[in-house]
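Each chain, letter by letter, is given below.
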Amino acid sequence: SQLLMKDLHFDGVPVRIYFPREPSLGKRRGVILFHGGCGIFGSIRGFERICRYITRKSDSVVVSVGYHLAPEHRYPTQTLDCLAATVHFLQNADTYGVDPARIVVCGDSAGGTYAASVCQELAHRTDIPKVRAQVLIYPFLQALSFNLPSHQQNAYTAFLSRDRTVHIILKYLNKDCSLKEPILAGSHVPESMNLKYKKWVSPDLIPEVFKLGYKPPLPASFLPQVHEEVPELFEARFSPLLAEDAVVCLLPDTCIITCEHDVLRDDGLLYKKRLEDSNVRVTWHHLQNGFH
């Protein structure tokens with residue numbers, strides 16, 4: 001009874017918009033939300049409850065994006081859908097009673113990947129309003145290493161284990177699942193690439209408090225045939241943590257939420273450090289008893 005909802009399409013992408021019924025004295029804030037589900041699962045309907053909650057509690061206009069799912073719609077359709085919907089909302093915010101200078105991009109899990117990617121894609125755009133902030137809820141941010149402390153500590157955690165994470169990635173990309181074991185071992189990454197990205201993706205960058213019981217894995221033998229099968233894993237669009245500094249330094253204020261019992265915890269910790277090193281303002285919330 002407190003909200004109005006509309007189902008529309010933004011540049012061909014299905015969206016559901018949630019409006020507070022109470023009239024506003026001025027233009028409201030906007031939140032554009034990308035749901036989680038590994039790019040394979042999830043829907044506007046499945047995330048309706050959280051969207052209603054955000055709309056009520058923040059007195060904002062919330063746009064839930066129903067991007068097309070893999071594997072029927074191949075990568076990077078999902079990111080491009082999220083980007084198209086965001087650009088449309090930024091360009092037409094006034095139509096929905098929203099201040100275009102106060103629009104937040106938000107997502108959980110794979111939705112957090114899309115939120116991070118969208119903000120990077122828009123970093124150099126000067127023809128549309130800037131995204132005010134990004135909210136990344138236990139995001140997936142890199143496929144370079146699956147041997148960080150959080151991968152080891154939560155390797156067998158229910159729902160999203162280390163093994164299942166890589167299995168789902170391969171399903172999402174329409175790849176042969178026999179690639180899972182060499183990727184888990186790190187055989188998909190040449191030494192030159194490991195050296196290049198060590199400044200951004202390394203257990204050495206994780207605070208000691210999160211490394212309890214961590215044992216550095218034995219070096220894996222590089223397998224060129226595996227590397228050639230999964231070039232997408234090294235694209236910034238897929239692994240936003242690998243974006244260049246020239247992009248990262250232009251990103252908006254950021255809120256990162258991590259959970260202790262989550263294989264993706266260290267992705268969030270590493271991105272937090274990268275953003276802070278690039279003088280991006282970061283708010284970080286860590287849930288000690290939280291899980292993915």
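Parameters and conventions
Residues numbered from 1 in each chain as written. Predicted model: local features only at pLDDT ≥ 70, side-chain atom pairs only at ≥ 80, totals over all residues. Heavy atoms only, no water. Helix = DSSP H or I, 4+ residues; strand = E, 2+ residues; numbered from the N terminus. Rg over C-alpha atoms; globule rule 2.2 N^0.38 Å. Buried < 20%, exposed > 50% of the residue type's maximum accessible area, 1.4 Å probe, protein only. Areas by Shrake-Rupley, 256 points an atom, 1.4 Å probe, with all protein chains shown as cover. Core = buried A, V, L, I, M, F, W, Y, C linked by side-chain atoms within 4.5 Å. Contact = heavy atoms within 4.5 Å. UniProt positions renumbered as here; feature names shortened; annotations may be inferred. Pairing = 2+ DSSP bridges. Right-handed = clockwise from strand over helix to strand, strands pointing away.

Chemist: Even after reading the chapter, I still don't get the overall build of the protein, so can you show me in this structure?
Modeler: Tallying secondary structure elements over the protein gives 10 helices and eight strands in all. Over its C-alpha atoms the protein spans a radius of gyration of 19 Å, differing by no more than 12% from the 19 Å that the globule rule assigns to 292 residues. The C-alpha extent of the protein, read off along each of the three principal axes, is 60 × 40 × 40 Å. Of all 292 residues assigned to the protein, the portion counted as buried reaches 54%. A total of about 13600 Å² of accessible surface is found on the protein, and carbon and sulfur atoms cover 54% of it.

Chemist: Honestly, the nonpolar core in this entry has me stumped. Any pointers?
Modeler: One broad trend across soluble globular proteins is that nonpolar side chains are buried collectively. Counting residues in hydrophobic clusters, the biggest one holds 78 residues, and the most contacted among them are F34, V65, I183, L233, F238 and Y271. With seven residues, helix 2 (residues 77–91) is the largest single contributor of residues to this core. Setting aside residues no more than four positions away along its own chain, L233 makes contact with A143, I169, L173, I183, H188, F238, S239 and L242. Grouped together as the second largest cluster of nonpolar side chains are 11 residues, Y18, V31, I44 and C255 included.

Chemist: Help me understand the UniProt feature "domain: Alpha/beta hydrolase fold-3" (unreviewed entry) in the protein, please; the structure alone is not making it clear to me.
Modeler: The sites that carry the UniProt feature "domain: Alpha/beta hydrolase fold-3" (unreviewed entry) are, in the present numbering, residues 31–183 and 235–292. As annotated, residues 31–183 comprises 38% helix and 16% strand, and the C-alpha atoms at either end are separated by 36 Å.

Chemist: Help me understand the pairing of strand 6 (residues 133–137), please; the structure alone is not making it clear to me.
Modeler: Counting buried positions over the five residues of strand 6 gives four, a clear majority of the element. Note that strand 5 (residues 98–108) and strand 6 share five bridges and pair parallel. Along strand 6, the bridge assignment pairs D108 with I137. A crossover connection joins strand 5 to the parallel strand 6 through helix 3 (residues 110–121); in handedness this β-α-β unit is right-handed.

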